[in-house]
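Architecture at a glance
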Amino acid sequence: MSHDESNRPPGLIASLGLVTRNAIALLLNRLELAALELAEVRNHLLQLVLVFALAVLLGGFALIYASITVVYLAWAAIGWVILPIITAVFLVVAIGLILYARALIRSGKLALPATMAELKSDRDMLL
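Residues numbered from 1 in each chain as written. Predicted model: local features only at pLDDT ≥ 70, side-chain atom pairs only at ≥ 80, totals over all residues. Heavy atoms only, no water.

Turning our eyes to something else, we now look at the overall build of the protein chain. When helices and strands are tallied, the protein chain shows 4 helices and 0 strands. Seen in sequence order, the protein chain has helices and strands lined up from the N terminus as α-α-α-α. Buried residues in the protein chain amount to 9% of all 127 residues. Here the analysis covers contacts within the protein chain between residues at least 6 apart in sequence; of these, 68% occur between residues at least 24 apart. (Helix = DSSP H or I, 4+ residues; strand = E, 2+ residues; numbered from the N terminus. Buried < 20%, exposed > 50% of the residue type's maximum accessible area, 1.4 Å probe, protein only. Contact = heavy atoms within 4.5 Å.)

Listed below in structure tokens is the structure:
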């Protein structure tokens, strides 16, 4: 009689326990993957902020010195007209930098592609 009990498949409670344990392990696995990707996203975001801050600082110094030089050299020839010309040039450069920053953000480095793909495959498997 003990031989028959050892070959018998597990009961409903044991099966539910196995399913629950596997579901919890899968959830923990997905949380670990999300945490890893969030750390990568944080690093990319910090890198982007640092590069942007340095670019603003150094670009500001360069613009100040270049503006003073251009105004000094052009004042004798065209007078005050040089000021709106420099303003227009700065505006075009600023718009270009904003478009470049938007392209960096849209490049996908701040997304969680592996986590989202795994969660989608889990959802597809369960449904």
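From this point, the discussion proceeds with the structure in view.
This part covers the layout of surface pockets. The computed volume of the largest pocket comes to approximately 460 Å³. Lining the largest pocket are 18 residues; nearest its centre among them are Phe-52, Ala-55, Val-56, Leu-97 and Ile-98. Within the residue set of the lining of the largest pocket, elements represented by two or more residues are α2 (12-78) and α3 (82-106). Within the lining of the largest pocket, the residues separate by chemical class into 16 nonpolar, 2 polar and no charged. (1 Å grid on protein atoms, 1.4 Å probe; cavity = no way out; pocket = protein on both sides within 12 Å on 5 of 7 lines; lining within 4 Å. Points joined across faces, edges and corners; volume = space filled by probe spheres on them. Nonpolar A, V, L, I, M, F, W, Y, C, P; charged D, E, K, R; others polar.)

Turning to its location among the elements, Arg-30 is positioned in helix α2. When sequence neighbours within four positions are dropped, the list of residues in contact with Arg-30 reads Glu-118, Leu-119 and Asp-122.

Three- or four-residue spacings in an α-helix give side chains the same orientation, since the helix completes a turn every 3.6 residues. Compared with an ideal rise of 1.5 Å per residue, which puts 67 residues at 99 Å, α2 spans 91 Å between its outermost C-alpha atoms and is within 8% of the ideal. Where α2 bends most, at Tyr-72, the angle is about 30°. Among the residues of α2, Arg-30, Ala-34, Glu-37, Val-41, Ser-67 and Ala-74 are the ones counted as buried. Gly-79 sits one or two positions beyond α2 and adopts a positive phi of about 70°. (Expected span 1.5 Å × (residues − 1). Bend = angle between axes of the 7 residues up to and from the residue.)

Moving on to the packing of α2 against α3. Contact geometry of α2 with α3 gives a least axis separation of 10 Å together with a crossing angle of 160°. The orientation of α2 relative to α3 falls into the category roughly antiparallel. Helix-helix and strand crossings are classified by hand; for α2 and α3 the assignment is right-handed. Packed against α2, whose contacting residues are Leu-48, Leu-63, Ser-67, Val-70, Val-71, Ala-74, Trp-75 and Ile-78, the element α3 presents Ile-82, Leu-83, Ile-85, Ile-86, Phe-90, Leu-104 and Ile-105 at the interface. Taken together, the residues that form the contact of α2 with α3 break down as 14 nonpolar, 1 polar and no charged. (Axes fitted to C-alpha atoms, helices over the stretch in contact; angles between N-to-C directions. Parallel < 35°, antiparallel > 145°, perpendicular 65-115°, else oblique. Left-handed = near helix turned anticlockwise from the far one by under 90°.)

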